[in-house]
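For reference, the chains in residue letters:
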Amino acid sequence: VMQRQGEMQWVTRITRALEEDRFTLHRQRIAALQADASGPDCEFLIRMKAEDGKLIFPGAFIPAAERYNLMPRIDRWVFEHALAYLARRQSDKSLAPDAIHFINISGATLGDDLFLAFVQEALSRHAVAPQAVCFEVTETAAIANLASALDFIRAVRGLGCKVALDDFGSGLSSFSYLKTLSADYLKIDGAFVRDMLTDPMNAAIVQAVNSIGHVAGLKTIAEFVEQPEIQARLTAIGVDFAQGYAIHKPESIGN
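Source: prediction; values computed, not measured. (Residues numbered from 1 in each chain as written. Predicted model: local features only at pLDDT ≥ 70, side-chain atom pairs only at ≥ 80, totals over all residues. Heavy atoms only, no water.)

> What is the right way to read the packing of helix 3 (residues 71-91) against helix 5 (residues 115-126) from this model?
Packed helices, taken two at a time, are described by their axes: the angle between them and the distance between them. Packing of helix 3 against helix 5 brings their axes to within 10 Å, and their N-to-C directions diverge by 20°. Of the possible angle classes, the one that applies to helix 3 and helix 5 is roughly parallel. Of the two elements, helix 3 crosses helix 5, and the hand of that crossing is right-handed. Of the residues in helix 5, those in contact with D75, R76, F79, E80, L83, A84, A87 and Q90 of helix 3 are F115, F118, V119, A122, L123, R125 and H126. Taken together, the residues of the contact of helix 3 with helix 5 sort by class into nine nonpolar, two polar and four charged. (Axes fitted to C-alpha atoms, helices over the stretch in contact; angles between N-to-C directions. Helix = DSSP H or I, 4+ residues; strand = E, 2+ residues; numbered from the N terminus. Parallel < 35°, antiparallel > 145°, perpendicular 65-115°, else oblique. Left-handed = near helix turned anticlockwise from the far one by under 90°. Contact = heavy atoms within 4.5 Å. Nonpolar A, V, L, I, M, F, W, Y, C, P; charged D, E, K, R; others polar.)

> What am I meant to see in the packing of aromatic side chains here?
For any pair of aromatic rings, the description rests on two quantities: the centre-to-centre distance and the angle between the ring planes. In total, this model carries 13 aromatic pairs according to the counting rule given. Joined through ring pairs, the aromatic side chains of F79, F115, F118, F135 and F152 make up one cluster. Looking at R76, its charged tip hangs above the ring of F118, at a distance of 5.4 Å from the centre. The cationic tip of R194 hangs over the ring face of F224; the distance from NZ or CZ to the ring centre is 4.4 Å. (Phe/Tyr/Trp six-rings, centres within 6.5 Å; stacked < 30°, edge-to-face > 60°. Lys NZ or Arg CZ within 6 Å of the ring centre and 35° of its normal.)

> When you look at helix 2 (residues 58-67) in this model, what are you seeing that I'm missing?
Note: α-helices contain 3.6 residues per turn, so residues at a spacing of three or four share the same orientation. Inspection of helix 2 places F61, I62, A64 and A65 among the buried residues, and these make up the whole buried set. Looking at the residues trailing helix 2, positive phi occurs at N69, about 60°. (Buried < 20%, exposed > 50% of the residue type's maximum accessible area, 1.4 Å probe, protein only.)

> Just checking my understanding: could you explain the nonpolar core for this structure?
Proteins that are soluble and globular tend to have nonpolar side chains buried together. Grouped together as the largest cluster of nonpolar side chains are 75 residues, with contacts concentrated most on I14, F79, F135 and L234. Top contributing element to this core by residue count: helix 3, with 10 residues. Other than its neighbours up to four places away in sequence, I14 contacts F23, M48, F61, A64, A65, L70 and I74. If you look at the next biggest cluster of nonpolar residues, it comprises nine residues, including I100, A164, I221 and F241. (Core = buried A, V, L, I, M, F, W, Y, C linked by side-chain atoms within 4.5 Å.)

Okay, here's the thing in C-alpha coordinates:
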(Lines give C-alpha, C1' and ligand atoms only; values in the text may rest on other atoms or scores of the structure.)
Protein backbone atom coordinates (compact mmCIF):
# COMPACT_ATOMS: atom_id res chain seq x y z
CA VAL A 1 0.00 0.00 0.00
CA MET A 2 2.84 2.37 0.88
CA GLN A 3 4.45 1.77 -2.50
CA ARG A 4 1.14 2.40 -4.28
CA GLN A 5 0.62 5.65 -2.34
CA GLY A 6 4.15 6.75 -3.16
CA GLU A 7 3.50 6.02 -6.83
CA MET A 8 0.26 7.99 -6.80
CA GLN A 9 2.18 11.00 -5.48
CA TRP A 10 4.67 10.55 -8.31
CA VAL A 11 1.81 10.48 -10.84
CA THR A 12 0.69 13.92 -9.61
CA ARG A 13 4.26 15.24 -9.73
CA ILE A 14 4.92 13.83 -13.21
CA THR A 15 1.67 15.22 -14.60
CA ARG A 16 2.44 18.63 -13.13
CA ALA A 17 6.02 18.53 -14.45
CA LEU A 18 4.67 17.74 -17.94
CA GLU A 19 2.19 20.63 -17.73
CA GLU A 20 4.86 23.05 -16.44
CA ASP A 21 7.57 21.78 -18.82
CA ARG A 22 9.84 20.86 -15.93
CA PHE A 23 11.70 18.05 -17.61
CA THR A 24 15.17 18.47 -19.03
CA LEU A 25 17.42 16.42 -21.31
CA HIS A 26 21.02 15.46 -20.76
CA ARG A 27 23.25 13.84 -23.35
CA GLN A 28 25.91 11.21 -22.74
CA ARG A 29 28.48 10.67 -25.43
CA ILE A 30 29.07 7.24 -26.95
CA ALA A 31 32.69 6.57 -27.97
CA ALA A 32 34.05 4.32 -30.71
CA LEU A 33 36.42 1.63 -29.43
CA GLN A 34 37.46 0.20 -32.79
CA ALA A 35 39.25 2.05 -35.56
CA ASP A 36 36.52 1.44 -38.15
CA ALA A 37 33.55 2.19 -35.90
CA SER A 38 31.53 5.33 -36.51
CA GLY A 39 27.98 6.62 -36.16
CA PRO A 40 26.74 6.64 -32.54
CA ASP A 41 27.13 10.11 -31.04
CA CYS A 42 25.15 10.20 -27.77
CA GLU A 43 22.15 8.99 -25.82
CA PHE A 44 19.54 11.44 -24.56
CA LEU A 45 18.65 10.98 -20.88
CA ILE A 46 15.65 12.55 -19.15
CA ARG A 47 15.69 14.30 -15.77
CA MET A 48 12.82 15.93 -13.89
CA LYS A 49 13.31 19.34 -12.30
CA ALA A 50 11.78 19.28 -8.81
CA GLU A 51 9.77 22.21 -7.50
CA ASP A 52 12.94 23.43 -5.73
CA GLY A 53 15.00 23.11 -8.92
CA LYS A 54 16.87 19.93 -7.91
CA LEU A 55 17.29 17.25 -10.60
CA ILE A 56 15.43 13.97 -10.13
CA PHE A 57 16.80 10.92 -11.95
CA PRO A 58 14.50 8.66 -13.97
CA GLY A 59 14.90 5.70 -11.60
CA ALA A 60 12.74 7.63 -9.13
CA PHE A 61 9.77 8.45 -11.37
CA ILE A 62 9.79 6.08 -14.37
CA PRO A 63 8.35 3.05 -12.47
CA ALA A 64 5.25 5.09 -11.50
CA ALA A 65 5.01 6.54 -15.02
CA GLU A 66 5.10 3.01 -16.47
CA ARG A 67 2.49 1.65 -14.09
CA TYR A 68 0.06 4.53 -14.64
CA ASN A 69 0.56 4.78 -18.41
CA LEU A 70 2.28 8.16 -18.50
CA MET A 71 5.23 6.88 -20.53
CA PRO A 72 3.75 7.68 -23.97
CA ARG A 73 3.49 11.35 -22.90
CA ILE A 74 7.02 11.35 -21.49
CA ASP A 75 8.40 9.61 -24.60
CA ARG A 76 6.76 12.24 -26.82
CA TRP A 77 8.23 15.02 -24.69
CA VAL A 78 11.71 13.48 -25.00
CA PHE A 79 11.44 12.93 -28.75
CA GLU A 80 10.16 16.45 -29.40
CA HIS A 81 12.92 18.10 -27.31
CA ALA A 82 15.67 15.85 -28.63
CA LEU A 83 14.71 16.77 -32.20
CA ALA A 84 14.54 20.48 -31.37
CA TYR A 85 18.11 20.18 -30.02
CA LEU A 86 19.29 18.32 -33.15
CA ALA A 87 17.64 20.93 -35.37
CA ARG A 88 19.49 23.69 -33.49
CA ARG A 89 22.80 21.88 -33.90
CA GLN A 90 22.04 21.31 -37.57
CA SER A 91 21.44 25.01 -38.18
CA ASP A 92 24.64 26.08 -36.41
CA LYS A 93 26.54 23.39 -38.39
CA SER A 94 27.78 21.54 -35.28
CA LEU A 95 26.00 18.29 -36.13
CA ALA A 96 28.12 15.68 -37.91
CA PRO A 97 26.16 14.45 -40.96
CA ASP A 98 26.49 10.75 -40.03
CA ALA A 99 25.99 11.15 -36.24
CA ILE A 100 23.34 8.89 -34.68
CA HIS A 101 21.48 9.91 -31.51
CA PHE A 102 19.85 7.39 -29.19
CA ILE A 103 16.38 8.06 -27.79
CA ASN A 104 14.65 5.69 -25.33
CA ILE A 105 11.19 4.30 -26.00
CA SER A 106 9.12 2.50 -23.35
CA GLY A 107 7.15 -0.70 -23.75
CA ALA A 108 3.84 1.21 -23.57
CA THR A 109 4.87 3.45 -26.46
CA LEU A 110 5.71 0.41 -28.60
CA GLY A 111 2.00 -0.41 -28.54
CA ASP A 112 0.84 3.18 -29.11
CA ASP A 113 -0.52 3.26 -32.67
CA LEU A 114 -0.40 7.06 -32.86
CA PHE A 115 3.28 7.32 -31.93
CA LEU A 116 4.57 6.49 -35.40
CA ALA A 117 2.59 9.32 -37.00
CA PHE A 118 3.92 11.64 -34.28
CA VAL A 119 7.50 10.56 -35.11
CA GLN A 120 7.02 11.21 -38.83
CA GLU A 121 5.40 14.58 -38.24
CA ALA A 122 8.10 15.72 -35.78
CA LEU A 123 10.95 14.60 -38.07
CA SER A 124 9.58 16.59 -40.99
CA ARG A 125 8.65 19.63 -38.87
CA HIS A 126 12.17 19.84 -37.40
CA ALA A 127 13.75 18.82 -40.73
CA VAL A 128 15.91 16.19 -38.99
CA ALA A 129 16.95 13.19 -41.10
CA PRO A 130 15.51 9.89 -39.78
CA GLN A 131 19.04 8.44 -40.12
CA ALA A 132 20.14 10.70 -37.23
CA VAL A 133 17.80 8.92 -34.80
CA CYS A 134 18.16 5.53 -33.13
CA PHE A 135 15.27 4.30 -30.98
CA GLU A 136 16.43 2.42 -27.93
CA VAL A 137 14.12 -0.32 -26.65
CA THR A 138 14.96 -2.49 -23.65
CA GLU A 139 15.16 -6.16 -24.39
CA THR A 140 12.57 -6.96 -21.69
CA ALA A 141 10.07 -4.40 -23.08
CA ALA A 142 10.54 -5.76 -26.60
CA ILE A 143 9.95 -9.35 -25.51
CA ALA A 144 6.98 -8.44 -23.28
CA ASN A 145 5.32 -6.63 -26.21
CA LEU A 146 6.74 -8.76 -28.99
CA ALA A 147 4.10 -8.21 -31.68
CA SER A 148 4.04 -4.44 -31.09
CA ALA A 149 7.83 -4.33 -30.92
CA LEU A 150 8.22 -6.13 -34.25
CA ASP A 151 5.72 -3.77 -35.91
CA PHE A 152 7.37 -0.70 -34.37
CA ILE A 153 10.90 -1.77 -35.32
CA ARG A 154 9.84 -2.57 -38.88
CA ALA A 155 8.04 0.76 -39.22
CA VAL A 156 10.77 3.04 -37.83
CA ARG A 157 13.50 1.25 -39.76
CA GLY A 158 11.28 1.69 -42.81
CA LEU A 159 11.43 5.45 -42.16
CA GLY A 160 15.23 5.26 -42.08
CA CYS A 161 15.71 5.37 -38.29
CA LYS A 162 17.94 2.91 -36.45
CA VAL A 163 17.00 0.64 -33.55
CA ALA A 164 19.03 -0.48 -30.53
CA LEU A 165 18.18 -3.26 -28.10
CA ASP A 166 19.07 -1.96 -24.64
CA ASP A 167 20.09 -3.86 -21.46
CA PHE A 168 20.81 -6.89 -23.58
CA GLY A 169 21.67 -10.12 -21.80
CA SER A 170 19.33 -9.63 -18.86
CA GLY A 171 16.64 -11.93 -20.28
CA LEU A 172 17.14 -15.70 -20.25
CA SER A 173 16.01 -16.19 -23.82
CA SER A 174 17.98 -13.21 -25.13
CA PHE A 175 19.87 -14.93 -27.88
CA SER A 176 16.92 -16.65 -29.53
CA TYR A 177 15.13 -13.30 -29.85
CA LEU A 178 18.00 -11.80 -31.83
CA LYS A 179 16.78 -13.75 -34.84
CA THR A 180 13.32 -12.26 -34.47
CA LEU A 181 14.12 -8.63 -33.59
CA SER A 182 15.97 -7.01 -36.46
CA ALA A 183 17.91 -4.20 -34.80
CA ASP A 184 21.07 -2.25 -35.65
CA TYR A 185 22.76 -2.00 -32.25
CA LEU A 186 23.03 -4.20 -29.20
CA LYS A 187 23.66 -2.47 -25.87
CA ILE A 188 25.31 -4.86 -23.45
CA ASP A 189 23.66 -4.65 -20.03
CA GLY A 190 25.83 -2.49 -17.77
CA ALA A 191 25.24 -4.86 -14.84
CA PHE A 192 27.65 -7.29 -16.56
CA VAL A 193 30.09 -4.63 -17.75
CA ARG A 194 30.52 -2.81 -14.44
CA ASP A 195 32.47 -5.54 -12.64
CA MET A 196 33.69 -7.64 -15.57
CA LEU A 197 37.32 -7.21 -14.41
CA THR A 198 36.65 -8.91 -11.07
CA ASP A 199 33.83 -11.30 -12.03
CA PRO A 200 34.89 -13.91 -14.63
CA MET A 201 31.26 -14.96 -15.21
CA ASN A 202 30.24 -11.40 -16.13
CA ALA A 203 33.30 -11.05 -18.36
CA ALA A 204 32.22 -14.24 -20.17
CA ILE A 205 28.67 -12.91 -20.61
CA VAL A 206 29.97 -9.63 -22.08
CA GLN A 207 32.14 -11.60 -24.49
CA ALA A 208 29.27 -13.92 -25.47
CA VAL A 209 26.81 -11.06 -26.08
CA ASN A 210 29.43 -9.23 -28.13
CA SER A 211 30.21 -12.20 -30.37
CA ILE A 212 26.59 -13.25 -30.88
CA GLY A 213 25.70 -9.63 -31.65
CA HIS A 214 28.42 -9.56 -34.30
CA VAL A 215 27.30 -12.89 -35.80
CA ALA A 216 23.78 -11.40 -36.04
CA GLY A 217 25.23 -8.38 -37.89
CA LEU A 218 24.76 -5.83 -35.10
CA LYS A 219 27.20 -3.31 -33.69
CA THR A 220 27.72 -3.63 -29.94
CA ILE A 221 27.74 -0.89 -27.28
CA ALA A 222 28.86 -1.52 -23.69
CA GLU A 223 27.10 0.54 -21.02
CA PHE A 224 28.30 1.63 -17.55
CA VAL A 225 31.94 1.83 -18.60
CA GLU A 226 33.25 3.52 -15.46
CA GLN A 227 36.99 2.74 -15.50
CA PRO A 228 39.66 3.13 -18.19
CA GLU A 229 40.74 -0.50 -17.50
CA ILE A 230 37.25 -1.73 -18.44
CA GLN A 231 37.35 0.38 -21.59
CA ALA A 232 40.69 -1.22 -22.52
CA ARG A 233 39.34 -4.74 -21.92
CA LEU A 234 36.23 -4.03 -24.04
CA THR A 235 38.44 -2.73 -26.85
CA ALA A 236 40.52 -5.91 -26.69
CA ILE A 237 37.40 -8.12 -26.75
CA GLY A 238 36.24 -6.28 -29.89
CA VAL A 239 33.20 -4.38 -28.56
CA ASP A 240 32.42 -1.56 -31.02
CA PHE A 241 31.36 1.32 -28.73
CA ALA A 242 31.37 2.31 -25.08
CA GLN A 243 29.25 4.58 -22.93
CA GLY A 244 29.69 5.49 -19.27
CA TYR A 245 31.44 7.80 -16.82
CA ALA A 246 34.92 6.78 -18.04
CA ILE A 247 33.91 8.23 -21.43
CA HIS A 248 31.63 11.14 -20.54
CA LYS A 249 29.44 12.24 -17.63
CA PRO A 250 25.96 13.21 -18.86
CA GLU A 251 25.60 16.97 -19.39
CA SER A 252 22.58 19.19 -19.84
CA ILE A 253 21.71 20.17 -23.42
CA GLY A 254 20.43 23.45 -22.00
CA ASN A 255 16.68 23.16 -22.54
